[in-house]
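Architecture and fold: a report
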Amino acid sequence: MSQAATPKRPLTTLQKGINKKVTVRLKSEIEYKGKMNNVDSYMNLIMTDAEEISNGKIIANYGRVIVRGNNVLFIKLENEL
Amino acid sequence: MSQAATPKRPLTTLQKGINKKVTVRLKSEIEYKGKMNNVDSYMNLIMTDAEEISNGKIIANYGRVIVRGNNVLFIKLENEL
Amino acid sequence: MSQAATPKRPLTTLQKGINKKVTVRLKSEIEYKGKMNNVDSYMNLIMTDAEEISNGKIIANYGRVIVRGNNVLFIKLENEL
Amino acid sequence: MSQAATPKRPLTTLQKGINKKVTVRLKSEIEYKGKMNNVDSYMNLIMTDAEEISNGKIIANYGRVIVRGNNVLFIKLENEL
Amino acid sequence: MSQAATPKRPLTTLQKGINKKVTVRLKSEIEYKGKMNNVDSYMNLIMTDAEEISNGKIIANYGRVIVRGNNVLFIKLENEL
Amino acid sequence: MSQAATPKRPLTTLQKGINKKVTVRLKSEIEYKGKMNNVDSYMNLIMTDAEEISNGKIIANYGRVIVRGNNVLFIKLENEL
Amino acid sequence: MSQAATPKRPLTTLQKGINKKVTVRLKSEIEYKGKMNNVDSYMNLIMTDAEEISNGKIIANYGRVIVRGNNVLFIKLENEL
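Here is a short report on the structure shown in this document. Just so it is clear, the model here is predicted, and its values are computed rather than measured.

Basis of the calculations
Residues numbered from 1 in each chain as written. Chains lettered and ligands numbered in written order. Predicted model: local features only at pLDDT ≥ 70, side-chain atom pairs only at ≥ 80, totals over all residues. Heavy atoms only, no water. Least-squares fit on C-alpha atoms with pLDDT ≥ 70 in both. Contact = heavy atoms within 4.5 Å. Buried area = accessible area lost by both parts, 1.4 Å probe. Salt bridge = Lys/Arg side-chain N within 4 Å of Asp/Glu carboxyl O. Polar contact = N/O pair within 3.5 Å; in protein donor to acceptor, adjacent residues only side chain to side chain. Helix = DSSP H or I, 4+ residues; strand = E, 2+ residues; numbered from the N terminus. Patch = residues over 30% accessible without salt bridge, like charges linked within 9 Å, V, L, I, M, F, W, Y side chains within 5 Å. Areas by Shrake-Rupley, 256 points an atom, 1.4 Å probe, with all protein chains shown as cover. Lys, Arg positive; Asp, Glu negative; His and termini not counted. Charge placed at Lys NZ, Arg CZ, Asp CG, Glu CD. Nonpolar A, V, L, I, M, F, W, Y, C, P; charged D, E, K, R; others polar. Pairing = 2+ DSSP bridges. Buried < 20%, exposed > 50% of the residue type's maximum accessible area, 1.4 Å probe, protein only.

Attention now goes to the relation of the copies chain A and chain B. Of the two same-sequence chains, chain A is brought onto chain B (RMSD 0.0 Å, axial shift 0.0 Å) by a rotation of 51°. Comparing interface residues between copies, only 5% of those in chain A also sit at the interface in chain B, which points to a heterologous contact through distinct surfaces.

This part covers the interface of chain A and chain B. Contacts between the two partners involve 21 residues from chain A and, on the opposite side, 22 residues from chain B. In total, about 1,900 Å² of surface goes out of reach between chain A and chain B, with carbon and sulfur atoms giving 54% of it. Considering only the surface of chain A that becomes buried against chain B, Pro10, Leu73 and Phe74 of chain A emerge as the three largest contributors, covering 29% of it. Where chain A packs against chain B, one counts one salt bridge. Here Arg25 of chain A makes a salt bridge to Glu52 of chain B, at a shortest N to O gap of 2.7 Å. Linking chain A with chain B are eleven residue pairs in polar contact (both at pLDDT 80 or more). Those elements that place two or more of their residues in the side of chain A that touches chain B are helix 1 (10-16) and strand 5 (72-77) of chain A. Looking at the side of chain A that touches chain B, the element that brings in the most residues is strand 5 of chain A, giving six residues.

All right, on to a positive patch on the surface then. On the surface, Lys27 of chain A, Lys27 of chain B, Lys27 of chain C, Lys27 of chain D, Lys27 of chain E, Lys27 of chain F together with Lys27 of chain G cluster together to form a positively charged patch. With respect to the secondary-structure elements, Lys27 of chain G resides in the loop between strand 1 (21-26) and strand 2 (31-39).

Counting residues at the interface gives 22 residues for chain C, matched by 21 residues for chain B. Both sides of the chain C and chain B interface together cover about 1,800 Å² of buried area, and 54% of this is carbon and sulfur. The largest share of the area that chain C buries against chain B comes from Arg64, Ile66 and Arg68 of chain C, three residues that together contribute 40% of it. Between chain C and chain B we count one salt bridge in total. In this assembly, chain C and chain B are joined by eleven residue pairs in polar contact (both at pLDDT 80 or more). Among the elements of the structure, strand 2 (31-39), strand 3 (45-54) and strand 4 (57-67) of chain C are those that each provide at least two residues to the side of chain C that touches chain B. A per-element tally of the side of chain C that touches chain B places strand 4 of chain C first, with six residues. Looking at the side of chain C that touches chain B, its residues break down into ten nonpolar, eight polar and four charged. One ladder, built from three bridges, connects strand 5 (residues 72-77) of chain B with strand 4 of chain C; its direction is antiparallel. Within strand 4 of chain C, the position partnered with Phe74 of chain B by the bridge is Val67 of chain C.

It is worth spelling out the relation of the copies chain C and chain B at this point. Here chain C sits on chain B after a turn of 51° about the axis and a move of 0.0 Å along it, with an RMSD of 0.0 Å. Interface overlap between copies: only 5% of the residues of chain C at the interface are likewise at the interface in chain B, consistent with a contact formed by different surfaces.

Let us now look at the side chain of Asn70 of chain C. Position of Asn70 of chain C among the secondary structure elements: in the loop between strand 4 and strand 5 (72-77). Asn70 of chain C sits in the buried class, given a relative accessible area of 13%. A polar contact of 3.4 Å, which involves the side chain of Asn70 of chain C, links it to the side chain of Asn71 of chain C. Leaving out residues up to four positions away in the same chain, Asn70 of chain C has contacts with Lys27, Asn70 and Val72 of chain B, Lys27 and Tyr42 of chain C together with Arg68 and Asn70 of chain D.

Okay, the pattern of salt bridges next. One pass over the structure, following the stated rule, counts 21 salt bridges over all chains. By sharing partners, the salt bridges in this structure join Arg25 and Glu31 of chain A together with Glu52 of chain B into a single network.

Pasting the structure below:
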């Protein structure tokens, strides 16, 4: 099997989303949409130029925010990797 | 006892579901139905072409989403392995 | 003391329930009744031909489902080991 | 100080309750009263011939049930050790 | 600085409360007042002749009960050490 | 950079608050105000002569109480270190 | 790739915010705005001259407070690093 065909481990794929646009939903159901500047294996992540979205409305903007990983429900990659 | 008859450990079976269709229910009762692109032993998982389902209705679609494993209630394998 | 009289550790006993019928109650009070195909020490478990039961009523059927162990409240062994 | 006078560690005392009658209260306030067939250091425990008690009433009976330790609030030893 | 003046680590002080009277408040706000027969570093503890107190009223008595440490909010030492 | 100018790690600073007056707020929003007799890296702490405060009112006094660290929201140092 | 272009790990970036102004939101939705005197990899942090903000209003001031990391939802860096 070629390496290209090998499925990627979730955290490896997550690393490939660095510097791409993502939407992060927290357990509290609040979402942050912006550039994922970095992320580690605990899913601690830095976002830049992030919109905070609650019930589909932008309620705040953040230049740079570090989210503690244990609050993350999911991370949606907005673009192809 | 032959190896074929040995029961599979849960996480080994889960690996066999990679690239198959699954339904993932989270503790919040929301479900994600799509292809399980990958999964690790913590149950972090990547889903592609996933439908988000709440109370039996599709409420969103995700091209590629990474779910943090600690939110998972169960993973249902939709097909035979 | 003979080995037969030695009490079994809980997780060892649990292993003996593999391929037997069990009822698994989750913290959310939902129950799954079916064959416990496999289980590990974290109580991650695979069930096959499982009924999902809420307030005593069957609300869904699952061909094969993997439950994340941290959600488990108890596992009831339906038969003698 | 003689060994008899040395206070027992909690988990050592718990081991001495094996095959004795106990009442286990879970965080959900439900209680299980029966024989503690075995227990480990995580307080995973096997109970046999257990009554499930809610608000002082027996609501179910279990031949053999394995409780996941993290749900336990306390274990009451019904008899002298 | 003399050893007598060195502040005691919390878990060391807790050990000195063994066989003394304590009040243990759990996260659920229920309290147990009795002799702390033993305790470990996880705050698992054995109490003997314990009163269970809710909203200031004694609602039950326990000859010997083992409380799982993760439920503990605080332990009040009733007497000087 | 001189050592005096090096920022202190949080747990090191916390150690410097030993034998000083602190206010400890728990997740349950109850506060304890008194002398922090000792504290460890898990934030288990011993308080002496502590007032228990709820909604700004003193509701109890404790001669010596050991708080389990996982309940702590924050520790406020009342004085300069 | 030059080192300057390498994305920073989240906890490394966090260290660079030391002695800068931050807003820390806790899971309870309360926010603390002030100087982040120090922080460790668990996100335990010391804040000085911190305002406690609830629903957009300042409800208290803290000269020096140590927040237990597990309560943190996110840390917003108020200025460029």
